[in-house]
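If you want the building blocks of each chain, they are given just below.
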Amino acid sequence: MILFGHIQRQHKKGILMTDKTRAVLLKSRPSGQISAENFAFTEIRLPAPAEDQVLVEIKYLSVDPYMRNRMNDMKSYIEPYALGQPVSGDAVGQVLESRSPAFRPGDWVAGMMPWQEHAVIPGSCLHKIEFTDVSPAVYLGILGLTGLTAYFGLLEIGKPVSGETVVISAAAGAVGSIAGQIAAIKGCHVTGIAGSDEKCTYLTEILGFRNAINYKSHPNIRKQLRQACPAGIDVYFDNVGGDISDSVMFYLNDYARIVLCGQIALYNSNRLSIGPRLFAQLIIHRVLMQGFIVYDYTERYPEARRQLYQWLKEGKLVNRETTIEGFDNLPGALIGLFTGNNTGKQIVKL
Ligand SMILES: NC(=O)c1ccc[n+]([C@@H]2O[C@H](COP(=O)([O-])OP(=O)(O)OC[C@H]3O[C@@H](n4cnc5c(N)ncnc54)[C@H](OP(=O)(O)O)[C@@H]3O)[C@@H](O)[C@H]2O)c1
């Protein structure tokens, strides 16, 4: 009853009038390109929170490329979405009601949440927002899994050293723009690869990249890479895969490191992409190539968040979000990642 009491109080403010909440379900698994047809909007009933659960009003949702892979029925490091069930992802919201000793009504919380306007979630799946002098949405970007991915991938696998050359693909996106800024903080020469002149200007004028290549206006980017990185490439932070990564292979220095963060160019592909075999380059140059999942570093999130927060406050990290408003726009925001609609972190504000 308390549950419905809360929602009815909000109703007086004109927000919601029943014990139901809107949800986005996975309607069908995509074959190739993801489309709005793969999603369905519905209303579901909210249960009352059981012991250790909280009722959250979801305020900001993250859309992320890995969600496309979860739409496939495929074994991975994370469960695929179930057909007919809500899609889920990283989100931030405010506690309306709590039966967990860790949370009180009014607390801002972050964690994995379903694509719903309200949700009842185990307290163990959430963490309280620690730094309250930044917008809560920053907990989906620099202080969220995005920032943590850039931080651990670059520093633990890339191990950049001052004076080295670092190349980042999808450099104007969420992870790439933070990884590139951290490399610049570490004194590296950073080259970004991105999909428009506006994005390239943003990288060089605002984020401190040494130079940037628009891969859409230069379909063969090998020449551009050679010019942009005259001393060769020491660290490649790969968000993309495919042809862009093939081009990078030709300019790797001895003992270069490849951080395999993502392969977005391949996510909408129905067939395994089998390209030219360039691994001889890795042998010749004794290159280390390592994949990782941000969850590998869960124990160290607090330490990394403190550092990212400090860089943000010192103005060494620029925060940029592309925000789309409205629950109805969730599928479109996710689809837009694959056409480069975002600069910085793509967020949906409810
Ligand atoms: N390993 C991990 O734990 C982990 C965690 C988070 C994210 N990731 C991976 O990191 C990568 C970036 O994720 P994000 O959340 O930061 O997304 P994002 O970079 O903000 O968004 C995706 C960007 O990729 C670019 N892109 C899309 N299709 C492309 C294509 N076919 N070829 C080249 N570029 C393309 C687009 O920018 P342009 O305009 O430049 O094309 C788009 O803005 C993804 O591959 C993701 O899967 C990995």
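Each chain carries its own residue numbering, running from 1 in the written order of its sequence. Per-residue local features of the predicted model are confined to residues with pLDDT of at least 70, and side-chain atom pairs are confined, for both listing and counting, to 80 or more; whole-chain, interface and lining totals are unaffected and use all residues. To get the side-chain values, all heavy atoms of the structure are used, and hydrogens and water are removed first.

(A) The arrangement of the packing of helix 3 (residues 145-158) against helix 9 (residues 301-313) in detail. Two elements in contact, helix 3 and helix 9, have axes whose closest approach is 10 Å; the angle formed by their N-to-C orientations is 95°. Taken as axis vectors, helix 3 and helix 9 run roughly perpendicular relative to one another. Along the contact surface, helix 3 presents Leu145, Gly147, Leu148, Tyr151 and Phe152, while helix 9 presents Tyr301, Glu303, Ala304, Arg305, Gln307, Leu308 and Trp311. For helices, the fitted line uses only the C-alpha atoms of the stretch in contact; every axis is such a line through C-alpha atoms, and the angle between N-to-C directions lies from 0 to 180 degrees. Put simply, DSSP H or I for four residues or longer makes a helix, DSSP E for two residues or longer makes a strand, and each gets a number counted from the N terminus. Orientation is classified from the angle alone, with under 35 degrees giving roughly parallel, over 145 giving roughly antiparallel, 65 to 115 giving roughly perpendicular, and any other angle giving oblique. Every residue pair with non-hydrogen atoms within 4.5 Å of one another is taken to be in contact.

(B) Looking closely at empty space enclosed by the protein. Cavity: a set of points on a 1 Å grid over the protein atoms alone where a 1.4 Å probe fits but cannot get out. Pocket: an open set with protein on both sides within 12 Å along at least five of seven lines, its lining residues, like those of a cavity, having an atom within 4 Å of a point. Grid points are joined across faces, edges and corners, and a volume is the space filled by probe spheres set on the points. In the structure shown here, the tally under the stated rule is one cavity of 30 Å³ or more. One number sums up the size of the largest cavity: a volume of about 60 Å³. Taken together, Gly141, Ile142, Thr146, Ala174, Ser177, Ile178, Val318, Asn319, Arg320, Gly344 and Lys345 make up the full set of residues lining the largest cavity. If you tally residues by element for the lining of the largest cavity, the top one is helix 4 (residues 174-185), at three residues. For the lining of the largest cavity, the class distribution of residues is four nonpolar, five polar and two charged. Residue polarity is assigned by list, with Asp, Glu, Lys and Arg as charged and Ala, Val, Leu, Ile, Met, Phe, Trp, Tyr, Cys and Pro as nonpolar; anything else, Gly included, falls into the polar class.

(C) Spatial organisation of helix 3. Think of it in three bands: with a 1.4 Å probe and only protein chains considered, a residue is buried below 20% of the maximum accessible area for its type, exposed above 50%, and partly exposed in between. Extensive coverage of helix 3 is indicated by the burial of 12 of its 14 residues. Inspection of helix 3 places Thr146, Gly147, Leu148, Thr149, Ala150, Tyr151, Phe152, Gly153, Leu154, Leu155, Ile157 and Gly158 among the buried residues, and these make up the whole buried set.

(D) Representation of the state of the cysteines in the model. Put simply, a disulfide is two cysteine sulfurs that come within 2.5 Å. Tallying each qualifying case throughout the model produces zero disulfides. Here Cys188 is not disulfide-linked; the sulfur of Cys229 is the nearest cysteine sulfur, at 12 Å. Here Cys188 falls in the buried class, since its relative accessible area comes to 8%. Overall, Cys229 belongs to the buried group, its relative accessible area being 3%.

(E) Region of the structure containing the confidence of the model for the protein chain. pLDDT: the predictor's confidence for each residue, scored from 0 to 100. Counting all residues, the mean pLDDT for the protein chain is 93, and 95% of those residues have values of 70 or more. Segment residues 1-17 is flagged for pLDDT under 50; beyond a separation of four residues in sequence, or across chains, it makes 24 contacts in the model.

(F) Molecular detail of the site of the ligand. We call a residue near a molecule or strand as soon as one heavy atom of that residue lies within 4 Å of the molecule or strand. Taken together, 28 residues lie near the ligand, and Val175, Lys199, Tyr215, Val294 and Asn342 sit nearest. Nitrogen and oxygen atoms within 3.5 Å of one another constitute a polar contact, given that in protein one can donate a hydrogen and the other can accept it, and given that sequence-neighbouring residues count only through two side-chain atoms. Here an oxygen atom of the ligand and a backbone polar atom of Ala174 are 2.8 Å apart. Between an oxygen atom of the ligand and a side-chain N or O atom of Tyr267, the distance comes to 2.8 Å. Surface burial for the ligand is 91%, taken as the share of its 900 Å² of free accessible area covered by protein chains. Among the residues forming the shell around the ligand, the class breakdown is 17 nonpolar, nine polar and two charged. Accessibility throughout is a Shrake-Rupley quantity obtained with a 1.4 Å probe, and a residue counts as covered only by protein chains that appear here.

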